[in-house]
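Below are the chains, spelled out letter by letter.
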Amino acid sequence: MTERSAPGKVILFGEHAVVYGKPALAVPVHSTRARAEVSDLPGEPAGWVRLEAPGTQISAWLHEMLQADPLASAVRLILKDLGGSAPPALRVVLNSEIPVGAGMGSSAAVSVAVIRAVAAHLGQELSAERVSALAFEVEKLQHGTPSGIDNTVVAYERPLFFAAGKPLQFVQVGRPFTLIIGDSGDRLPTRESVAAVRERRAADPESVDRVFAEIEAISEQGRRFIESGDTRQLGLLFDRNQTLLKAIGVSGKGLEQLIRAAKRAGALGAKLSGAGRGGIMIALVEPASAELVAGALREAGAIRTIRTEVTA
Ligand code: PMV
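The model shown is predicted, which means the values in this text are computed figures rather than measured ones. Per chain, the residues get numbers from 1 upward, laid out in the order the sequence is written. Where totals are concerned, whole chains, interfaces and linings use all residues; where local detail is concerned, this predicted model gives features only for residues with pLDDT of at least 70, and gives and counts side-chain atom pairs only at 80 or more. Derived side-chain values reflect all non-hydrogen atoms in the structure, with water molecules and hydrogen atoms excluded from consideration.

Some thoughts on the site of the ligand
(1) Moving on: Of all residues adjacent to the ligand, which total 15 residues, the nearest are Lys9, His16, Ser147, Thr190 and Ala275.
(2) Moving on: Any pair of N or O atoms that falls within 3.5 Å is considered a polar contact. Within protein, one atom must be able to donate a hydrogen and the other to accept it, and sequence-neighbouring residues count only if both atoms are side-chain atoms. With respect to the ligand, the backbone of Gly103 contributes an N or O atom lying 3.5 Å from an oxygen atom.
(3) Moving on: Between Ser147 and the ligand, the recorded distance is 2.6 Å, taken from a side-chain N or O atom to an oxygen atom.
(4) Moving on: Bound to the protein, the ligand loses 91% of the 380 Å² it would expose on its own.
(5) Moving on: Every element with two or more residues in the shell around the ligand is listed here: strand E1 (2-13), helix H4 (149-156) and helix H5 (190-203).
(6) Moving on: Of the residues assigned to the shell around the ligand, the class counts are seven nonpolar, five polar and three charged.
(7) Moving on: The start and end points of each domain follow an automatic or database-based domain assignment. Mapped onto the domain boundaries, the shell around the ligand takes at least three residues apiece from domain 1 (2-169) and domain 2 (172-310). Each residue is tested against the molecule or strand, and it is near if at least one of its non-hydrogen atoms lies within 4 Å. Method for areas: the Shrake-Rupley scheme with a 1.4 Å probe, in which residue coverage is limited to the protein chains shown. A run of H or I in DSSP counts as a helix once it spans at least four residues, and a run of E counts as a strand once it spans at least two, with each numbered from the N terminus. When residue character is reported, Ala, Val, Leu, Ile, Met, Phe, Trp, Tyr, Cys and Pro are called nonpolar, Asp, Glu, Lys and Arg charged, and the others, Gly included, polar.

A few points about the nonpolar core
(1) Moving on: Counting 100 residues, the largest nonpolar core has Val10, Leu12 and Leu51 as its most contacted members.
(2) Moving on: With ten residues, the top contributor of residues to this core is helix H2 (residues 106-121).
(3) Moving on: Of the domains in this structure, domain 1 (2-169) and domain 2 (172-310) are the two that each give at least three residues to this core.
(4) Moving on: Every residue in contact with Leu51, bar those within four places of it in the chain, is listed here: Ile58, Ser59, Ala60, Leu62, Met65, Leu71, Ala72, Val75 and Val92. What makes a nonpolar core is a set of buried Ala, Val, Leu, Ile, Met, Phe, Trp, Tyr and Cys residues whose side-chain atoms join them at distances within 4.5 Å. Relative accessibility decides the category of a residue: with a 1.4 Å probe and only protein chains considered, values under 20% of the type maximum give buried, values over 50% give exposed, and everything between is partly exposed. Throughout, a residue-residue contact means that at least one pair of heavy atoms, one from each residue, lies within 4.5 Å.

A closer look at helix H6 (residues 205-228)
(1) Moving on: Taking 1.5 Å per residue as the helical rise, H6 with its 24 residues ought to reach 34 Å, and the 35 Å between its terminal C-alpha atoms agrees with that figure.
(2) Moving on: Within the span of H6, buried status applies to Val208, Val211, Phe212, Ile215, Ile218, Ser219, Gly222, Arg223 and Ile226.
(3) Moving on: Among the residues trailing H6, Gly229 stands out with phi positive, at a value near 75 degrees. To estimate the expected span of a helix, count its residues, drop one, and scale the result by 1.5 Å.

What follows is the structure in structure tokens.
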């Protein structure tokens, strides 16, 4: 049996702007992972693959599954990429702790874990670059026009300053810092939130582009404060980025409630993370106030909170 895993992720700065070529900053969430196990399935025909994902009630043969299913797409892509003759019959079991559709990169993590596990089971350890490229193909099938930030940060598992089509830039973390992630429990497809911003920009390009230019400056400053370890200044940038995301209409009532609660409980800064309108928010906290902020988030309606330390 071969097991491989991949982390979740959060975007610290630059969501939405990244769709328009601006940079964004994302970090892996190591404590919340997707895990794939691959084993041989003796007695079944070569080339057959049994997929099991207990969390989503999937239990089916690959050839019976819909073309669009992300788990099935990831397995098909990696088998095609490896080429050669049909592999022995395989069983792929997927378990993920990452909330689905919440902005934590669940689909990218599932793809990365499955691609790594199938390849390793068949004797190949793929580079992060190759894994990321394959996971990007799955993301495109799922999300239409993804920026590529999710598959990249999840495959490399390092803090990343990302702009589509530009060389990758990893971020050195001057001083580790603590985030509390709060899940609003509201769900809206990324595709819809991205489409709403596109419409707003079509109606008023000047204002939306002005917002994106300000977000770009925040991502760049944020990178410098992470490198210099200036957590207080970083917190202020969380708040400024949130104001701008609200201005382009991607915040939401539940998210605002959580952000207010985090700030009242002593967070250094708080913002939505990912596509917005629902999904998660993140609060930057001093380790000493982490429990207080997490408790305040749950009291304000978060269906779960996750603590993560961002390190180099
Ligand atoms: O909510 P998520 O993790 O799907 O993040 C979406 C981030 C966007 O910038 C809104 C879209 C993208 O493809 O980068």
